[in-house]
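Chains, contacts and geometry: an overview
So the chains spell out like this:
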Amino acid sequence: MKILGIESSCDETAAAVVENGKRLLSNVVATSMDLHAQYGGVVPEIAARSHIESIVPVIKQAVEQAKCTWKDIDGIAVTYGAGLGGSLLVGVLTARSLAITEKKPLYAINHVEGHVYANFLTETTLPDYVLPAQQPTFPLLALIVSGGHSQLVLFRNHFDYTLLGQTHDDAIGEAFDKVAKILGLPYPGGPSVGKKALEGDPHTFTFPKAKMPGKYDFSFSGLKTAVLRAAQNATGHDHTLPSKELPALLNEAQKANIAASFQRTAIETVVDKAVLAYEEFSPASVVIAGGVAASPELRRQLSERLPLGIAYTDPKLCTDNGAMIATLGCFKAQLGQPAADPYSLDIKPNLSM
Ligand code: KG4
Ligand code: ZN
């Protein structure tokens, strides 16, 4: 069973072929990140236009890299939500056209659910991927941390899960991206704040961890504001100083200490709740998913605080990719989930778990 996965929900145009829900045969990602970097975040119109330019060559390359022809592909899986409307449309319309012309079943994939399935890849024919030796087992606790989502989800089985909690405002990745902007570090903020944090002392500042009514809910907007105030104070100004003036006024040591203290607090916030959920539900496996799952600090804190070992996947499979979409597509096909209608599948920008 070989499934082609197509992903275009944000700024990555991606396609991959996965065999039997565990073997990665190809993984091609074209990103328009550089085009957005000057704006400090994704510009939807630019992202959609980049998808239009890249999607056909990316899919072609993914099929070729897997050493397949269309005859070998058993189905097509595509992200239909959540994400940016214009971006999702490009992937969904391309997948629909291919499903009709190549006569393949089409599987509609929830992007956030897809992130979790990157952890099911255990084999590959590609160089330079470090994958877990075994697939996770159920019940499975998933900590999903990306630029658009921060969620704790308990999977009893495939397609049978409960959302334990989620963010009420910013996603954790979004908080990294906003703090990067405050400190004048490049977009995306996760890697750039993480790198700057290595030079700083994570205990210089005590930032607040939001207390939420829901046991497993998160909030990051207060933390982001606390970082802004600390940065303004560090320059000797008050809260009226425009944030765009901060990068020029902060010295490198101040930036490093703020980055390190913010990163420690943001990561602790999600790890605290993951540990609580682990204690309550005793899952057989814990996985992390989404762009922030690539964070070495998240991996360090989780490994230190959870009693079970976590098999982390390759950081290249944490940020948006087609492989996670193809993997979930394989499970849908293998477990007899209904295929979508290629003549009518619509995008769902606000799709939730
Ligand atoms: O999953 P993803 O590629 O896109 C969404 O679905 O949102 O996640 C992107 C987010 C960005 O906010 C980025 O700053 C963050 O993931 N990110 C990281 C790292 N790499 C990407 N955060 C922390 N450490 C990283 N190494
Ligand atoms: Zn994502």
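Cut-offs and rules
- Residues numbered from 1 in each chain as written.
- Chains lettered and ligands numbered in written order.
- Predicted model: local features only at pLDDT ≥ 70, side-chain atom pairs only at ≥ 80, totals over all residues.
- Heavy atoms only, no water.
- Salt bridge = Lys/Arg side-chain N within 4 Å of Asp/Glu carboxyl O.
- Helix = DSSP H or I, 4+ residues; strand = E, 2+ residues; numbered from the N terminus.
- Buried < 20%, exposed > 50% of the residue type's maximum accessible area, 1.4 Å probe, protein only.
- Phe/Tyr/Trp six-rings, centres within 6.5 Å; stacked < 30°, edge-to-face > 60°.
- Lys NZ or Arg CZ within 6 Å of the ring centre and 35° of its normal.
- Core = buried A, V, L, I, M, F, W, Y, C linked by side-chain atoms within 4.5 Å.
- Contact = heavy atoms within 4.5 Å.
- Donors = N, O, S within 2.8 Å, 3.2 Å for Na, K, Ca; no water.
- Near = heavy atom within 4 Å.
- Polar contact = N/O pair within 3.5 Å; in protein donor to acceptor, adjacent residues only side chain to side chain.
- Areas by Shrake-Rupley, 256 points an atom, 1.4 Å probe, with all protein chains shown as cover.
- Domains from an automatic or database assignment.
- Buried area = accessible area lost by both parts, 1.4 Å probe.
- Nonpolar A, V, L, I, M, F, W, Y, C, P; charged D, E, K, R; others polar.

This part covers the pattern of salt bridges. Inspection of every chain in the model, using the stated rule, returns 18 salt bridges. The partner of Arg305 in a salt bridge is Asp272, with the nearest N and O atoms 2.8 Å apart. Separated by 33 residues along the polypeptide, Arg305 in helix α10 (residues 296-305) and Asp272 in helix α9 (residues 252-281) bring together distant segments of the chain. Accessibility expressed as a relative area gives 35% for Arg305, which makes it partly exposed. Ionic contacts of the salt-bridge type, sharing partners, join the residues Lys209, Arg264, Glu268, Asp272 and Arg305 into one network.

We now examine the packing of aromatic side chains. All chains considered together, the criterion is met by 9 aromatic pairs. Of the aromatic side chains, those joined through ring pairs into one cluster are Tyr117, Phe120, Phe138 and Phe331. Its guanidinium or amino end placed over the ring of Tyr129, Lys316 lies 4.5 Å from that ring's centre, counting from NZ or CZ.

Attention now goes to the nonpolar core. Counting 52 residues, the largest nonpolar core has Leu143, Leu152, Ile172, Phe262, Val270, Leu298 and Leu302 as its most contacted members. Of all the secondary structure elements, the ones that give two or more residues to this core are β7 (140-145), β8 (150-157), α5 (172-183), α6 (189-197), α7 (221-234), α9, β10 (285-289) and α10. With 12 residues, the single largest contributor to this core is α9. When near neighbours in sequence (up to four residues on either side) are disregarded, Leu143 contacts Gln151, Leu152, Phe218, Val270, Ala274, Val287, Ile288, Ala289 and Leu298. Residues Leu140, Phe155, Ala289 and Leu317 belong to the second largest nonpolar core, which totals 33 residues.

Next up on the list: the coordination of the zinc ion (ligand 2). At the metal site, the zinc ion (ligand 2) is ligated by His111 (NE2), His115 (NE2) and Asp320 (OD), and these contacts range over 2.0 to 2.1 Å. In primary sequence terms, the donor set of the zinc ion (ligand 2) follows H-x3-H-x204-D. Here Asp320 lies in the loop between α10 and α11 (322-334) and His115 lies in helix α4 (residues 111-117), a separation of 205 residues in the sequence. Neither residue differs from the other here; His115 and Asp320 are each classed as buried.

On to the site of ligand 1, then. Around ligand 1 lies a shell of 18 residues, among which Gly147, Asp177, Gly190, Gly291 and Asp320 are the nearest. Here an oxygen atom of ligand 1 sits 3.1 Å away from a polar atom, N or O, in the side chain of His115. When ligand 1 is considered free in solution it has 560 Å² of accessible area, and contact with the protein chains removes 88% of it. Looking at the shell around ligand 1 element by element, the count peaks at 3 residues for α6. Each of domain 1 (2-134 + 315-334) and domain 2 (140-305) gives at least three residues to the shell around ligand 1.

Right, let's talk about the domain arrangement of the protein chain for a bit. Assigned domains of the protein chain: these are domain 1 (2-134 + 315-334) and domain 2 (140-305). Just the C-alpha atoms count here: the centres of domain 1 and domain 2 sit 26 Å apart. Interface area, domain 1 with domain 2, both sides summed: about 1,700 Å², of which 72% is carbon and sulfur. Taken together, the connections running from domain 1 to domain 2 amount to 0 salt bridges. For the interface between domain 1 and domain 2, the tally reads 4 residue pairs in polar contact (both at pLDDT 80 or more). The set of elements that each furnish at least two residues to the side of domain 1 that touches domain 2 consists of α1 (33-37), α4 and α11. A total of 5 residues in the side of domain 1 that touches domain 2 trace back to one element, the largest contributor, which is α4. Its residues assigned to classes, the side of domain 1 that touches domain 2 shows 13 nonpolar, 5 polar and 3 charged.

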